[in-house]
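Single-letter residue listing:
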Amino acid sequence: MRLDIFTLFPEAFEWFSGQRHVQNAIREGHELRLLNYRDTTPLGAGQVDDAPYGGGAGMVMRVDVVDAALQHAYGDQRAGKRIVLLTPSGRLFDEALARELSEEPQLALLCGRYEGVDERVREHLATDAVSVGRYVLSGGELAAMVIADAVIRKLPGALGHAESAVEESFSEALAGGPEYPHYTRPPNYRGWNVPEVLMSGDHEGIRTWRLERSRERSD
């Protein structure tokens, strides 16, 4: 996969880019590109925003700025590419969408800033509008990291061990339910005991216990 993140703040992704699973994915041949809107803006002095028509507080990212960034990255080869605008009003991001996006050969995430992005980006340039939750962030960078993290960890080789992602929250192995509780040493701490079944060596009993706990968390 080639994952492109369009942003005004590529430096915000320095920590994320250095994470082990991201580096693993890159070593496996996947690509992560950080593309700055200011590098390709058609406006002078690096301008990317303007006052909203109709009045109101804040500034709005311009449609021509976003279009220029996409044009520079893809030219006229946008057909078939998944271009996701990150916005609080979009489709709620979940495990099913993460898996769907992870199967794309190319994926672009458009980070907004300021008061938002000109609606024509959503209407004419993006293929999807996605939200990581019904709340407002200062920009799309954190949302992009959430989506990129969920997508990249599904790519072959990203986690090092393929079985790491088999039984986790919302996976098919757990019938779409949240993950079961985990415990480690010490077996007794301040009177708080690890469930005996987990130390029994009874693999079938452990599996049954874990599935039951997962179902309980789904209620």
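Calculation rules
- Counting of residues starts from 1 at the beginning of each chain's written sequence and follows it residue by residue.
- In keeping with the model being predicted, local features are shown solely for residues with a pLDDT of at least 70 and side-chain atom pairs are shown and tallied solely at 80 or more, while totals for entire chains, interfaces and linings include all residues.
- Only hydrogens and water are removed before side-chain values are computed, so all heavy atoms of the structure are retained for them.
- To form a nonpolar core, buried Ala, Val, Leu, Ile, Met, Phe, Trp, Tyr and Cys residues must be joined to one another through side-chain atoms within 4.5 Å.
- Think of it in three bands: residues with accessible area under 20% of the maximum for their type are buried, residues over 50% are exposed, and the middle band is partly exposed, with areas taken using a 1.4 Å probe on protein chains only.
- Helix and strand definitions here come from DSSP, where helices need a minimum of 4 consecutive H or I residues and strands a minimum of 2 consecutive E residues; each element is numbered from the N-terminal end.
- Note on contacts: a residue pair qualifies if any of its non-hydrogen atoms lie within 4.5 Å across the two residues.
- Note on definitions: the grid is 1 Å and covers protein atoms alone; a cavity is a set of points where a 1.4 Å probe fits but cannot get out; a pocket is an open set with protein on both sides within 12 Å along at least five of seven lines; lining residues have an atom within 4 Å of a point.
- Grid points are joined across faces, edges and corners, and a volume is the space filled by probe spheres set on the points.
- Three categories are distinguished: nonpolar for Ala, Val, Leu, Ile, Met, Phe, Trp, Tyr, Cys and Pro, charged for Asp, Glu, Lys and Arg, and polar for the others, with Gly belonging to the last.
- Here a Phe, Tyr or Trp ring, Trp counted by its six-membered ring, pairs with any other such ring whose centre lies within 6.5 Å, and the pair is stacked when the planes are under 30 degrees apart, edge-to-face when over 60, and tilted otherwise.
- Strands were regarded as paired on the criterion that DSSP finds at least two bridges between them.

Concerning the nonpolar core
Moving on, step 1. Residues Leu3, Ile5, Leu109 and Ile152 are the most contacted members of the largest nonpolar core, which totals 28 residues.
Moving on, step 2. Put simply, the parts of the chain that give this core at least two residues each are strand E1 (2-7), helix H2 (20-27), strand E5 (82-92), helix H5 (95-102), strand E6 (106-110) and helix H7 (141-152).
Moving on, step 3. When residues of this core are assigned to their parent elements, the largest contribution, eight residues, is made by H7.
Moving on, step 4. Setting aside anything within four residues of it in sequence, one finds Ile152 in contact with Leu3, Phe16, His21, Val22, Ala25 and Ala158.
Moving on, step 5. Grouped together as the second largest cluster of nonpolar side chains are 20 residues, Ala69, Val121, Leu125 and Ala126 included.

A word on unusual backbone geometry
Moving on, step 1. In this structure, the amide linkage connecting Arg185 to the following residue, Pro186, adopts the cis form with an omega of 5°.
Moving on, step 2. Position of Pro186 relative to the elements: it lies in the loop between H7 and strand E9 (188-189).
Moving on, step 3. Backbone geometry places Ala45, a non-glycine residue, at a positive phi of 55°.
Moving on, step 4. By the secondary structure assignment, Ala45 is in the loop between helix H3 (37-40) and strand E3 (49-50).
Moving on, step 5. When its relative accessible area of 89% is taken as the criterion, Ala45 is described as exposed.
Moving on, step 6. One non-glycine residue, Arg190, adopts positive backbone phi at about 55°.
Moving on, step 7. Secondary-structure assignment places Arg190 in the loop between E9 and strand E10 (192-193).
Moving on, step 8. Taking relative accessible area as the criterion, Arg190 reaches 63% and is therefore assigned exposed.

Here's the deal with empty space enclosed by the protein
Moving on, step 1. As enumerated under the stated definition, the model contains one cavity of 30 Å³ or more in all.
Moving on, step 2. Its boundaries defined by the atoms lining it, the largest cavity holds a volume of some 60 Å³.
Moving on, step 3. Every residue lining the largest cavity is listed: Met1, Leu3, Val22, Ala25, Ile26, His30, Glu31, Leu32, Ile152 and Leu155.
Moving on, step 4. Only H2 and strand E2 (31-36) provide two or more residues apiece to the lining of the largest cavity.
Moving on, step 5. Take the lining of the largest cavity: its biggest share by element is three residues, from H2.
Moving on, step 6. Tallied by class, the residues present in the lining of the largest cavity amount to eight nonpolar, one polar and one charged.

Some words on the packing of aromatic side chains
Moving on, step 1. Overall, the coordinates contain three aromatic pairs when judged by the stated rule.
Moving on, step 2. Measuring from centroid to centroid gives 5.8 Å for Tyr189 and Trp192, while their planes differ by 65°, and the two rings are edge-to-face.
Moving on, step 3. Classification of Trp192 by relative accessible area gives exposed; the value is 53%.

Considerations on the sheet that holds E3
Moving on, step 1. The strand order across the open sheet formed by three strands is E3-E4-E7, and the pairing between neighbours is mixed. A strand with exactly one partner marks an edge of an open sheet, and here the two such strands are E3 and strand E7 (116-117).
Moving on, step 2. Looking at chain direction, strand E4 (residues 60-61) and E7 are connected through two bridges and run parallel. Residue pairing across strands places Val60 opposite Gly116, the latter belonging to E7.

Considering the layout of surface pockets
Moving on, step 1. There is about 380 Å³ of room inside the largest pocket.
Moving on, step 2. Taken together, 25 residues form the lining of the largest pocket, with Leu86, Thr87, Pro88, Gly112 and Gly116 sitting closest to its centre.
Moving on, step 3. Secondary structure elements with two or more residues in the lining of the largest pocket: E5, E7, helix H6 (119-125) and strand E8 (128-131).
Moving on, step 4. Examining the composition of the lining of the largest pocket, we find that five residues originate from one element, E5, more than from any other.
Moving on, step 5. Tallied by class, the residues present in the lining of the largest pocket amount to eleven nonpolar, nine polar and five charged.
Moving on, step 6. Roughly 260 Å³ of internal volume is contained in the second largest pocket.
Moving on, step 7. Together, Asp50, Ala51, Pro52, Tyr53, Val60, Met61, Arg62, Val63, Asp64, Asp118 and Arg120 line the second largest pocket.
Moving on, step 8. Only E4 and helix H4 (63-74) provide two or more residues apiece to the lining of the second largest pocket.

Interpretation note: all reported values are geometric properties and have no functional meaning in isolation.
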